[in-house]
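Close look at the chain arrangement
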Amino acid sequence: MIVDSVMVNAKAYMRNAVTECSIAIDEGKIFKIGKEVSMPKSDVRFDLKNLLVLPGLIDVHVHLRDEGKAFKEDFFTGTASASAGGFASVVDMPNNEPVTMSAATLKNRMRIAERRILVDVGFRSEFPRNLGEIEGIVKEGAFGFKLFMADQVGGVDVDDDEALLKAFRIVGKFGLSTAVHAEDMTTLKKAEDQFKHDRKNDLAAFLKAHSPDVELKAAKRILGVAKQTAMHLHFCHVSTREALDVIVEAKSEMRLSCEATPHNLLLSSDDLKRIGILGLTMPPTRDRAQVASLWDGIERGWIDIIASDHAPHTLKEKEDGSVWDVKVGVPGLETTLPLLLTEVKRGRLSIGDIVRLLSEKPSQIFNMKGKGQLREENHADLTVVDLRRKFKIDSSKFKSKAKFSPFDGREVEGKPVKTFVRGQLVMDEGEIVTKAGSGKILRRE
Ligand SMILES: [Zn+2]
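Residues numbered from 1 in each chain as written. Predicted model: local features only at pLDDT ≥ 70, side-chain atom pairs only at ≥ 80, totals over all residues. Heavy atoms only, no water.

Overview of the sheet that holds strand E8 (residues 144-148)
As a reminder of what qualifies: By this definition, two strands are paired if DSSP reports at least two bridges between them. We count a stretch as a helix when DSSP gives it H or I for four or more residues in a row; a strand needs E for two or more, and each element gets its number in order from the N terminus.
Strands sit in the order E5-E6-E7-E8-E9-E10-E11-E12 across an open sheet of 8 strands; the sheet is parallel. Every other strand in the sheet has two partners, leaving strand E5 (57-62) and strand E12 (305-306) as the edge strands with one partner each. Examined bridge by bridge, E8 and strand E9 (residues 177-181) share 4 bridges and lie parallel to one another. Opposite Phe145, over in E9, you have Thr178 as the bridge partner.

Spelled out as structure tokens, the structure:
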């Protein structure tokens, strides 16, 4: 037989080790991994020149925008950004225009995305006001649900524990997860109003309003609700030791996972003073002791996943107004992997950690079949990395529409040079080499 392609001279990360091998790909799947002489004939041949091949990376927290927010990012630029950063799959968040929170909005979003995406994309939905509509959203193929606790985005009152309990029970019944942004709206708004009243509009006031207590309060409350159900709860961007502690404690009692972001791991509130308002995120970057406790959480395996929380905005939105009006969040798809590979160089992470945190665990935790490991029969999602490539982060070169980064100017070592999605070469040396619509929608069955 003749397969679609064969890659020779690969150093593939498989079963906790790097192995020199060749990889045959057919119909989007890994057909065979083995010695070059054992490879079948192929239409296309790639010489990977002894570069490292990782199972296609997965970013479980991305805002692709599009629709009414296409001026910030659209499905093409967002997934181009993903592939340029070495990601073969991403999960989109629902705070769009319109908010993804019904079968109709989800269906429409998927219909638009289908023709434009370059990598595989799953879609989370917010909760509808009428909980009876959850079933329809699930049947439409939602990846899972998202609960934003810092403000009212979806249809369920984020302060109504009874309604949340009902919603979680339904989501649990369908075997899906809810990803939660844990910051307590009431406490947050109260602090914010007080600061505004006192005309305190600086970074320090923002950090105080978004205090570790605000995160902890929301984490405790939502754990209390989710514990009464069979639903899998996933904490987005854990940023404090206090929140991590209560999550770890609850892990034995329920289905629970959590993620941390590169900006919370690699920037502190001291860096924020230098970067300024552009570096504001929710939750914000914390002090050095908190950052150290997150690294401790990575080392102990308490933090399951690293996700970028890619949050594109226009530069104007980032610069307009005070800390209370400015759009918070930073793009992260094109900086995450180089930043983490640089930590490998520094000895703080291993390649195995990167594969676990950005591919194996996301695939296991969210039941993404065919992904997460280089193995025959799995999707041919491959992230090819040059560990020796040194460069300076330059947001003006991003594929994302958001041309800014709190990491601008940082020297990094290690770069994704090719991204394959289901056997299709999407990104080659920073260039997009395939057509819009080559990615697939990750529908949950
Ligand atoms: Zn987010």
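Some thoughts on the coordination of the zinc ion
Just so we agree on the cut-off: As a rule, N, O and S atoms within 2.8 Å of a metal are its donors, except that Na, K and Ca use 3.2 Å; water is not among the atoms, so sites may look incomplete.
Looking at the zinc ion, the protein donor atoms are His61 (NE2), His63 (NE2) and Asp309 (OD), and they sit 2.1 to 2.2 Å from it. Sequence positions of the donors to the zinc ion reduce to the motif H-x1-H-x245-D. Residue His63 is found in the loop between E5 and helix H1 (75-84), and its partner Asp309 is found in the loop between E12 and helix H12 (315-319); the two are separated by 246 residues along the sequence.

Considerations on the side chain of His379
Condition: Distance and chemistry together define a polar contact, namely a pair of N or O atoms within 3.5 Å, with one atom able to donate a hydrogen and the other to accept it when in protein, and with adjacent residues in sequence counting only for side-chain atoms on both sides. By definition in these notes, contact holds between two residues if any of their heavy atoms fall within 4.5 Å.
With respect to the helices and strands, the residue His379 is situated in the loop between helix H14 (351-365) and strand E13 (382-392). Here Lys371 takes part through its side chain, which lies 2.9 Å from a polar atom of the side chain of His379. Setting aside anything within four residues of it in sequence, one finds His379 in contact with Gly28, Lys29, Ile30, Lys369, Gly370, Lys371 and Arg422.

A few points about the environment of Phe366
Relative to the helices and strands, Phe366 is located in the loop between H14 and E13. For the pair Phe366 and Leu207, spaced 159 residues apart in sequence, the C-alpha separation works out to 32 Å. Residues contacting Phe366, with those up to four places away along its chain left out, are Val60, Arg124, Phe143, Ser177, His232, His234, Ile305, Lys361 and Arg444.

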